[in-house]
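Observations on chain architecture
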Amino acid sequence: MNVSELSEQEVLRRKSLQALKDMGIDPYPAAEYVVTAYSKDIKAEFKDDAPQREVTVAGRIMLRRIMGKASFMELQDSKGRIQIYISRDEICPDENKDMYNVVFKKLLDIGDFVGIKGYVFRTQMGEISVHAQELTVLGKSLRPLPIVKYKDGVAYDSFDDPELRYRQRCVDLVVNDGVKDIFLKRSRIIKSLRDQLDAAGYTEVETPTLQSLAGGAAARPFITHHNTLDVDLYLRIATELYLKRLIVGGFEGVFEIGKNFRNEGMDKTHNPEFTCMELYVQYKDYNWMMNFTEKLLENICIAANGCSETKVGDNVISFKAPYKRISILDAIKEKTGYDLEGKSEDEIRAICKELKMEVEPSMGKGKLIDEIFGEFCEGTFIQPTFITDYPVEMSPLTKMHRSKPGLTERFELMVNGKELANAYSELNDPIDQMERFQEQLRLSQKGDDEAMFIDHDFVRALEYGMPPTSGIGIGIDRLTMLLTGQTTIQEVLFFPQMKPEKKAQAKEETNE
RNA sequence: GACUCAGUAGCUCAGCUGGUAGAGCAACAGACUCUUAAUCUGUGGGUCCAGGGUUCGAUCCCCUGCUGGGUCACCA
């Protein structure tokens, strides 16, 4: 990079870096710096009448208030911030005052990492702080951070351009209060989920991400190429068909938490790669799965938020089990007044017309029902609600309903007007499965580019025999959104997908 | 993909339908030994997203493109 391209402040910081080296101070020391305390804990554990506590803390300088021969700074470590008091004669007991006058006052900047050895005290204004006795440079920052100031919990000049925040998430995490908390909570959510599945005796597994056939869901896949085999491969759109093969193989329960990839649109609730948890348990049905799911989610909510409620926008959502259960046809009857039970495709099409919906001739009965639900019902279920018994046309991997013809043993869990989970009593009849795949093929030939392919290998697995099984998929990103009160998926992904930065790319190419 | 809004200093933003740009914070120089959005004095910092067009003259008007936001469509 050419120095002339650097901003004034970047040039100055590089000069400070050199000045530190010239003084014999390594701006990037190699040795371990032994930290004995963290900001948050120091404040929580402080007692005014306790004996003086010696601590060593380390972190990033976020604010400096220099007042001649003494100064305050705010140090940010992994748990929060703590104020540091530095007096010149304390860190420079000898005649040489360079460590304070030159290093601290001139060569260090906001964003630099330092270590502070000192003791904990309370200032005259009442703030618990560390009185520095030793200052160590731990890492020089050459690029100025955005300065966000906080007073009484209110942020001033916050760094809030979404493009910059998502492209440079590291900066967002450093300067914007609360961003890190979302991701810490995401981690707790996944841990709680994993712990509960583990406690239930189920096995966490990993199945292929590169698949020669992208099955298990209706979605356009990403295609890639394997050179050695000279074949095109797909990035998986679901883990379903491989996990069921493991059920065939004799596992009691298997689950996988991992990324799926769908080559589709991006918006507030869709990212091309997203995280799903899929679970399959032998000898269970979808009724059992509803019971299991509502307890699972209640516990996750408590693990994340300390209670079984969460607030998203103006809605307070309770994850306390049990959840309301209603069949999709009853839901439609409730919201639109139309009873679709036993109606033919043409009759339903006529109802769509009465409801002033735009429908296409290629849509079959199941698709029409789904459209009505999506249009008039889906958004109205704010509290967790199991929508059950979907039409067979939309559910090629689901067992037929034990008593309702044309419907399947499937549920989707709606929360805050969005699908959070999708589950079935899994279809384990290989002949029926083959016929369903063939029906998908017919849809595909009619122009449905999301119809599933026939997976002969999966059918062969079913032919060896799969026990009755229930399975579920839960969208982890959406669950995290709900439990952290976020309304866009970008806020719960560290690095949401964005278009490449054109300028930066061009620059790098000219450098090579 | 459609419509719409936006892009100005390191950050957050002003900028009068046209005359080559301002503030706060940050930075720099100085003062200050309990400050906390520290304060006080002074200084520097700009490819006004890019490329065309109109004009004597464009940050501003027009066109195209890039990037992002919002709404809608797509995503069972």
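Just above, that's the structure.
These notes cover the structure that comes with them. Quantities reported herein were computed from a predicted structural model and do not represent experimental measurements.

On to the overall build of chain A, then. In terms of helices and strands, chain A carries 16 helices and 20 strands. Along the first, second and third principal axes, the C-alpha set of chain A runs to 95 × 60 × 50 Å. Of the contacts made within chain A by residues no fewer than 6 positions apart, 64% connect residues no fewer than 24 positions apart. Of the roughly 26400 Å² of accessible surface on chain A, 50% is carried by carbon and sulfur atoms.

Let's shift gears to the pairing of strand 1 (residues 54–67). As paired elements, strand 1 and strand 4 (residues 113–122) share seven bridges and run antiparallel to each other. Across the sheet, residue Glu54 finds its bridge partner in strand 4, namely Tyr119.

Formed by 36 residues in total, the largest nonpolar core has its most connected members in Leu197, Met277, Leu279, Phe319 and Ile472. Broken down by secondary-structure element, the contributors of at least two residues to this core are helix 7 (179–199), strand 12 (253–261), strand 13 (273–282), helix 9 (286–305), strand 18 (410–415), strand 19 (418–425), strand 20 (469–475) and helix 15 (476–484). Among the elements that make up this core, the one with the highest residue count is helix 9 (nine residues). Among all residues touching Leu279, those that are not within four sequence positions of it are Leu197, Tyr202, Val254, Phe255, Met289, Phe292, Ser470, Gly471 and Ile472. The next biggest cluster of nonpolar side chains, apart from the first, holds 27 residues, and it includes Val55, Ile61, Ile91 and Ile128.

With that settled, consider the packing of helix 1 (residues 8–22) against helix 4 (residues 98–107). It is the contact of helix 1 with helix 4, at a shortest axis distance of 11 Å, that shows an interaxial angle of 160°. Judged by the inter-axis angle, helix 1 sits roughly antiparallel to helix 4. Like other packed secondary-structure pairs, helix 1 and helix 4 cross with a definite hand, here left-handed. Between helix 1, through Ser16, Ala19 and Leu20, and helix 4, the contact on the second element is made entirely by Val103, Lys106 and Leu107.

Take the sheet that holds strand 10 (residues 223–226) next. In space, the three strands of this open sheet follow the order 9-11-10, with antiparallel pairing throughout. At either end of the open sheet lies a strand with only one pairing partner, and these are strand 9 (210–211) and strand 10. Pairing of strand 10 with strand 11 (residues 231–235), which is carried by four bridges, proceeds in the antiparallel orientation. By the bridge assignment, Ile223 is partnered in strand 11 with Tyr234.

Attention now moves to unusual backbone geometry. Outside of glycine, negative phi angles account for most residues, and trans bonds account for most peptide bonds. In this structure, Pro322 follows Ala321 across a cis peptide bond, with omega equal to 0°. Here Pro322 lies in the loop between strand 15 (315–318) and strand 16 (324–327). Phi is positive for Asp157, close to 50°, though the residue is something other than glycine. One non-glycine residue, Asp230, lies in the positive phi region at around 50°. Mapped onto the fold, Asp230 is located in the loop between strand 10 and strand 11.

This part is about the protein's contact with RNA strand B. As a structural note, the neighbourhood of RNA strand B is formed by 54 residues, with Glu163, Ala218, Glu264, His270 and Asp370 the closest of them. Contact between RNA strand B and Ala218: a phosphate oxygen at 2.2 Å from a main-chain N or O atom of the residue. Elements supplying a minimum of two residues to the surface near RNA strand B: helix 1, strand 1, strand 2 (70–77), strand 3 (80–87), strand 6 (149–151) and helix 5 (162–167). Looking at the surface near RNA strand B element by element, the count peaks at four residues for strand 1. A class-by-class count of the residues in the surface near RNA strand B yields 21 nonpolar, ten polar and 23 charged.

The next thing to look at is the packing of aromatic side chains. Enumeration over the complete set of coordinates arrives at 13 aromatic pairs. With a centroid separation of 5.0 Å and 55° between ring planes, the pair formed by Phe72 and Tyr85 is classed as tilted. With Phe72 in strand 2 and Tyr85 in strand 3, this residue pair connects regions lying 13 residues apart in the sequence. When the ring of Phe183 is compared with that of Phe494, the centres are 3.9 Å apart and the planes differ by 10°; the resulting orientation is stacked. Placement of the pair is Phe183 in helix 7 and Phe494 in the loop between helix 15 and helix 16 (502–511), with a sequence separation of 311 residues. Accessibility expressed as a relative area gives 38% for Phe494, which makes it partly exposed. One aromatic cluster is present, formed by Phe72, Tyr85, Tyr119 and Phe121 through successive ring pairs. In this arrangement the basic side chain of Arg64 is found over the ring face of Phe104, its NZ or CZ atom lying 5.6 Å from the centre. In this structure, Lys335 is placed above the aromatic ring of Phe381, and the distance from its NZ or CZ to the ring centre is 5.0 Å.

The next point concerns the side chain of Ser71. With respect to the helices, strands and loops of the structure, Ser71 is situated in strand 2. Taking relative accessible area as the criterion, Ser71 reaches 0% and is therefore assigned buried. Within the structure, the side chain of Ser71 is placed 2.7 Å from the side chain of Tyr100, a separation counted as a polar contact. Sequence-distant contacts of Ser71, defined by excluding residues within four places in its chain, comprise Arg65, Ile66, Ile84, Tyr85, Ile86, Tyr100 and Phe104.

What follows concerns the state of the cysteines. Counted under the stated rule, the structure contains zero disulfides. Of all cysteine sulfurs in the structure, the one in Cys301 sits closest to Cys276, which takes part in no disulfide; the separation is 19 Å. Its relative accessible area of 14% is what places Cys276 among the buried residues. Here Cys352 is not disulfide-linked; the sulfur of Cys377 is the nearest cysteine sulfur, at 12 Å. Here Cys352 falls in the buried class, since its relative accessible area comes to 0%.

Here the focus is the pairing of strand 17 (residues 385–388). Of the two faces of strand 17, both are covered, the one formed by Thr385 and Ile387 as well as the one formed by Phe386 and Thr388. Of the pairings in the sheet, the one linking strand 16 to strand 17 comprises four bridges and is parallel in character. Within strand 17, the residue paired with Ile326 across the bridge is Ile387. Strand direction decides the pairing type here: strand 17 and strand 18, joined by four bridges, are antiparallel. Residue pairing across strands places Thr385 opposite Met414, the latter belonging to strand 18.

Cut-offs used in this document
- Starting afresh in each chain, residues are numbered from 1 along the sequence in its written order.
- Lettering of chains starts at A and numbering of ligands starts at 1, both following the order in which they are written.
- Residue-level local features of this predicted model are given only where pLDDT is at least 70; pairs of side-chain atoms are given and counted only at 80 or more, and the full residue set underlies all totals for whole chains, interfaces and linings.
- Hydrogens and water molecules were not included; the side-chain quantities draw on all heavy atoms of the structure.
- Under the DSSP-based scheme used, a helix requires at least four consecutive residues in state H or I and a strand at least two consecutive residues in state E, with every element numbered from the N terminus.
- Any pair of residues with heavy atoms lying within 4.5 Å of one another is described as a contacting pair.
- Per-residue accessibility takes into account occlusion by the displayed protein chains alone, with areas from the Shrake-Rupley method and a 1.4 Å probe.
- If DSSP finds at least two bridges between two strands, the strands pair.
- As used here, the term nonpolar core means buried Ala, Val, Leu, Ile, Met, Phe, Trp, Tyr and Cys residues forming a set that is joined through side-chain atoms within 4.5 Å.
- Buried means the residue's accessible area, taken with a 1.4 Å probe over protein chains only, is under 20% of the maximum for its type, while exposed means over 50%, and partly exposed covers the values in between.
- The axes are straight lines fitted to the C-alpha atoms, using for helices just the contacting stretch, and the angles between their N-to-C directions are given from 0 to 180°.
- Here the angle decides the label: under 35 degrees means roughly parallel, over 145 means roughly antiparallel, 65 to 115 means roughly perpendicular, and every other value means oblique.
- Whether a crossing is left-handed or right-handed is set by the direction in which the near helix is turned from the far one by less than a right angle, anticlockwise for left-handed and clockwise for right-handed.
- A molecule or strand has a residue near it when one of that residue's heavy atoms lies within 4 Å.
- Polar contacts, as counted here, are pairs of nitrogen or oxygen atoms within 3.5 Å of one another; within protein the pair requires one atom able to donate a hydrogen and one able to accept it, and residues that are adjacent in sequence qualify only if both atoms are side-chain atoms.
- Residue polarity is assigned by list, with Asp, Glu, Lys and Arg as charged and Ala, Val, Leu, Ile, Met, Phe, Trp, Tyr, Cys and Pro as nonpolar; anything else, Gly included, falls into the polar class.
- Side-chain rings of Phe, Tyr and Trp, where Trp is taken by its six-membered ring, are said to pair if the distance between their centres is within 6.5 Å; with planes under 30 degrees apart they count as stacked, over 60 as edge-to-face, and otherwise as tilted.
- Charges are assigned to positions over rings by a cutoff of 6 Å between ring centre and Lys NZ or Arg CZ, combined with an angular limit of 35 degrees from the ring normal.
- By convention in this document, the label disulfide applies to cysteine sulfur atom pairs within 2.5 Å.

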